[in-house]
Amino acid sequence: RLSTFTTRFVSVDYTIDTEDGLNDSGSLQFIPGETVKHIQFEIPPAKDFKELRLTLSNPLNAELTGYRQITYMIP
């Protein structure tokens with residue numbers, strides 16, 4: 001989610017990793033006026049991992065001001 005409306009094209013790269021390695025990656029592309037994007041990816045079966053990490057990087061025409069990485073842990 002962008003924190004503010006913009007008239008410029010914005011993009012940010014993402015990776016989704018488990019302890020076994022890369023699960024998915026890509027780039028979110030925001031057109032002018034767009035503020036919300038969703039990342040669609042296949043969630044591996046919970047028995048196959050204990051941790052899932054989402055990392056944001058390389059913003060273009062924007063600044064990462066919140067969390068750059070979020071980790072979900074399965075007990």
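See the structure shown above.
As a starting point, this report considers the structure included with it. (Residues numbered from 1 in each chain as written. Predicted model: local features only at pLDDT ≥ 70, side-chain atom pairs only at ≥ 80, totals over all residues. Heavy atoms only, no water.)

**Notes on unusual backbone geometry**
Phase 1: Phi at N58 takes a positive value of approximately 50°, unusual for a residue other than glycine.
Phase 2: Inspection of the secondary structure puts N58 in strand β3 (residues 51–60).
Phase 3: Not every positive phi belongs to a glycine, and N61 is a case in point at roughly 65°. (Helix = DSSP H or I, 4+ residues; strand = E, 2+ residues; numbered from the N terminus.)

**Notes on the side chain of T55**
Phase 1: Assignment of secondary structure puts T55 in strand β3.
Phase 2: Separated by 2.9 Å, the side chains of T55 and Q69 make a polar contact.
Phase 3: Not counting chain neighbours up to four residues away, the residues in contact with T55 comprise D13, Y14, T15, R68 and Q69. (Polar contact = N/O pair within 3.5 Å; in protein donor to acceptor, adjacent residues only side chain to side chain. Contact = heavy atoms within 4.5 Å.)

**Considerations on the sheet that holds β3**
Phase 1: Taken in spatial order, the 4 strands of this open sheet run β2-β1-β3-β4, and their pairing is antiparallel. What marks the edges here is a single partner per strand, and that holds for β2 (21–30) and β4 (69–73). When the angles between neighbouring strand axes are averaged without regard to direction, this sheet yields 15°.
Phase 2: Inspection of the sheet shows strand β1 (residues 10–18) paired to β3 by 7 bridges, in the antiparallel sense. If you follow T18 over to β3, its bridge partner there is L52. (Pairing = 2+ DSSP bridges. Axes fitted to C-alpha atoms, helices over the stretch in contact; angles between N-to-C directions.)

**Description of the environment of D17**
Phase 1: Of note, D17 is situated in strand β1.
Phase 2: Through-space distance from the C-alpha of D17 to that of T4 is 28 Å; in sequence the pair is 13 residues apart.
Phase 3: Residues within four places of D17 in sequence aside, it is in contact with L22, N23, E51, L52 and R53.
Phase 4: A polar contact of 3.5 Å, which involves the side chain of D17, links it to the side chain of T15.

**Points about the pairing of β1**
Phase 1: Across the 9 residues that make up β1, a large majority, 7, are buried.
Phase 2: In the sheet, β1 pairs with β2 via 9 bridges, with the strands oriented antiparallel. Note on β2: the bridge partner recorded for V10 is F30.
Phase 3: In textbook terms, the turn of a hairpin is the stretch between consecutive antiparallel strands, and for β1 and β2 this stretch comprises 2 residues. (Buried < 20%, exposed > 50% of the residue type's maximum accessible area, 1.4 Å probe, protein only.)

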